[in-house]
Amino acid sequence: MTEEKERSFEEALNELEEVVEKLEEGDVPLEEAISMFQVGMALSKQCHEKLIKVEKQMDQILHPDGEIEELTFREEE
């Protein structure tokens, strides 16, 4: 198995979009399609994890005294 390189969110998303486009064309042999699907799932997971990390960072605010405060947002009704 190849070592997974660290990609930026944008790089991973672009690669995922390329994989999806190729799979949607339907001209890929089955074995290659399965491999591409697995790569796509790994890229999707990487993007999701990066979004969760950023979301958690955005849920906190750092005060000038160094104290971190969790923010809560209300859903609009």
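Here the structure is a predicted model, which is why all the values come from computation and not from measurement.

Trainee: What is the right way to look at the overall build of the chain in this model?
Mentor: Across its full length, the chain holds 2 helices and 2 strands. In the chain, the order of α-helices and β-strands from amino to carboxyl end is α-α-β-β. Every one of the 77 residues in the chain was classed for burial, and the buried ones make up 13%. Within the chain, contacts between residues separated by at least 24 positions form 43% of all contacts whose residues are at least 6 apart in sequence.

Trainee: What exactly am I supposed to notice about the environment of E17 here?
Mentor: Tracing the chain through its elements places E17 in helix α1 (residues 9–25). For E17, a relative accessible area of 42% corresponds to the partly exposed category. Linking E17 and L43, residues 26 residues apart in sequence, is a C-alpha distance of 9.7 Å.

Trainee: Help me understand the nonpolar core, please; the structure alone is not making it clear to me.
Mentor: The nonpolar side chains of a soluble globular protein tend to be buried, and buried together. The biggest cluster of nonpolar side chains holds 6 residues, and these are A12, L16, V19, M36, L43 and C47. Sorting the residues of this core by element identifies α1 and α2 (30–58) as the ones contributing at least two each. The contact partners of V19, leaving out residues within four places of it in the chain, are M36, V39, G40 and L43.

About the cut-offs
Residues numbered from 1 in each chain as written. Predicted model: local features only at pLDDT ≥ 70, side-chain atom pairs only at ≥ 80, totals over all residues. Heavy atoms only, no water. Helix = DSSP H or I, 4+ residues; strand = E, 2+ residues; numbered from the N terminus. Buried < 20%, exposed > 50% of the residue type's maximum accessible area, 1.4 Å probe, protein only. Contact = heavy atoms within 4.5 Å. Core = buried A, V, L, I, M, F, W, Y, C linked by side-chain atoms within 4.5 Å.

Spatial relationships are all this shows, so hold off on functional conclusions.
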